[in-house]
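What the coordinates show
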Amino acid sequence: MNILDSLCAVEGISSAGVCEFDALTPYFAPGARDKALALCPGAARVVVALFPYYAGTAPGNLALYARGTDYHAVVQQLLAPFARQLADGVVLADASPLPETQAARLAGVGKLGENGLIFDPLYGSYVVIGTILTTQPLPLEAARHSSGPPTPPPAPGDRLLQCNHCGACRRACPLDALGKDGSVNPDRCLSALTQKNGPLAPWQTAALAQHPLIWGCDLCQTSCPLNRHVPETGNPAFREVLVCSLSRDALDGLTRRQFTEKFPLRAFTWRGPAPLLRNLTCKELPK
């Protein structure tokens with residue numbers, strides 16, 4: 001059994017593939033390629049795995065991805081044994097110099113949609129991406145899936161975006177953060193704004209006052225037809241002991257350390273309680 005088959009045999013991983021490190025060169029942010037090589041000198045391959053997190057849409061004011069265990073910890077825990085097998089493997093998740101969505105697309109694990117997210121064949125865009133950077137010259141073969149046949153990586157001439165192109169995600173985005181090419185403007189993305197430190201501009205405050213969430217944003221996902229009938233994740237980390245909402249009473253008076261101790265291993269704690277309290281305040285302003 002090769003590494004891709006082994007990854008997809010792990011509960012909590014839906015798809016796995018591998019892409020050439022150098023194939024990502026056109027997509028790196030300025031300076032990011034050098035940062036990646038500093039983490040793994042001589043990097044040759046990127047192993048990509050998708051982790052489905054959808055556990056239903058219970059009412060709440062936190063984005064769906066943030067309600068279960070912190071996905072950074074989940075990715076690290078599940079990929080670390082495979083990184084050790086590769087001897088020099090470096091596990092990365094989100095806080096990464098790699099252009100993760102492009103790595104996932106080039107590895108064949110999913111398709112890139114207009115909302116800028118990767119779509120797993122079964123779980124839609126309700127997945128997080130984990131990667132292993134390695135110098136090992138792993139074969140560039142078809143991606144594996146926990147359900148369904150292998151899928152080959154895209155040919156060089158394939159379209160960058162491969163979705164319905166219905167525009168539903170762009171219409172659902174209140175601040176027009178999404179481009180037709182799958183790009184996302186972080187200055188206008190509600191998910192980014194909810195996590196921004198410090199005071200906001202008046203137009204940003206007004207946008208958050210109308211936004212149903214105080215952390216993250218699911219509008220471009222819940223509006224997508226490809227996400228309408230996705231199954232729930234089988235990963236207990238993402239479906240048990242969920243925190244769907246936070247109130248002012250749960251946050252007032254907490255230091256950053258106390259907040260982290262009260263809500264251990266949660267993705268919404270990395271900025272501390274201040275942005276969440278500010279976002280709650282936005283919703284209390286006179287309309």
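As a reminder, the structure under discussion sits directly above these lines.
For the structure given in this document, a descriptive report is provided here. (Residues numbered from 1 in each chain as written. Predicted model: local features only at pLDDT ≥ 70, side-chain atom pairs only at ≥ 80, totals over all residues. Heavy atoms only, no water.)

**Here's the deal with the nonpolar core**
Core analysis: the largest hydrophobic core is formed by 48 residues, its most contacted members being Leu 7, Phe 51, Leu 79, Leu 246 and Phe 268. Elements with a minimum of two residues in this core: helix H1 (3–8), strand E1 (15–20), strand E2 (45–52), helix H3 (71–85), strand E6 (127–134), helix H9 (236–239), helix H10 (248–251) and helix H12 (274–284). The dominant element in this core, judged by the number of residues it contributes, is H3, at 7 residues. Once residues within four sequence positions are removed from consideration, Leu 79 is found in contact with Leu 7, Ile 13, Ala 49, Phe 51, Val 91, Gly 130, Thr 131 and Ile 132. (Core = buried A, V, L, I, M, F, W, Y, C linked by side-chain atoms within 4.5 Å. Buried < 20%, exposed > 50% of the residue type's maximum accessible area, 1.4 Å probe, protein only. Helix = DSSP H or I, 4+ residues; strand = E, 2+ residues; numbered from the N terminus. Contact = heavy atoms within 4.5 Å.)

**Overview of the packing of aromatic side chains**
This structure, assessed with the given rule, holds 7 aromatic pairs. Centre to centre, the rings of Tyr 53 and Tyr 126 are 6.0 Å apart; their planes meet at 90°, and the pair counts as edge-to-face. Linking Tyr 53 in the loop between E2 and H3 with Tyr 126 in the loop between strand E5 (118–119) and E6, this pair joins segments that are 73 residues apart in sequence. A residue is classified by how much of its surface remains accessible, and Tyr 126, at 3% relative accessible area, is buried. One aromatic cluster is present, built from ring pairs that chain together Tyr 53, Tyr 54 and Tyr 126. (Phe/Tyr/Trp six-rings, centres within 6.5 Å; stacked < 30°, edge-to-face > 60°.)

**Things to note about the sheet that holds strand E7 (residues 144–145)**
With respect to topology, 5 strands assemble into an open sheet ordered E3-E6-E2-E1-E7, the strand pairing being antiparallel. Either end of the sheet is taken by a strand with one partner, and the two such strands are strand E3 (90–92) and E7. As paired elements, E1 and E2 share 6 bridges and run antiparallel to each other. Residue pairing in the sheet places Ala 16 in a bridge with Ala 49 of E2. Each of E2, E3 and E6 is contacted by H3, which is oriented at about 35° to E6, the strand it contacts most. (Pairing = 2+ DSSP bridges. Axes fitted to C-alpha atoms, helices over the stretch in contact; angles between N-to-C directions.)

**Here's the deal with the pattern of salt bridges**
A side chain of one charge can pair with a side chain of the opposite charge when the charged atoms of the two come close. This model, assessed by the stated rule, comprises 8 salt bridges. When the shortest N-O distance is used, the salt bridge between Arg 144 and Glu 141 registers 3.0 Å. Under the relative-accessibility criterion, Glu 141 is labelled partly exposed at 22%. Arg 239 serves as the salt-bridge partner of Glu 232, at 3.5 Å between the closest nitrogen and oxygen. The partly exposed category is assigned to Glu 232, whose relative accessible area is 37%. Arg 239 sits in the partly exposed class, given a relative accessible area of 39%. (Salt bridge = Lys/Arg side-chain N within 4 Å of Asp/Glu carboxyl O.)

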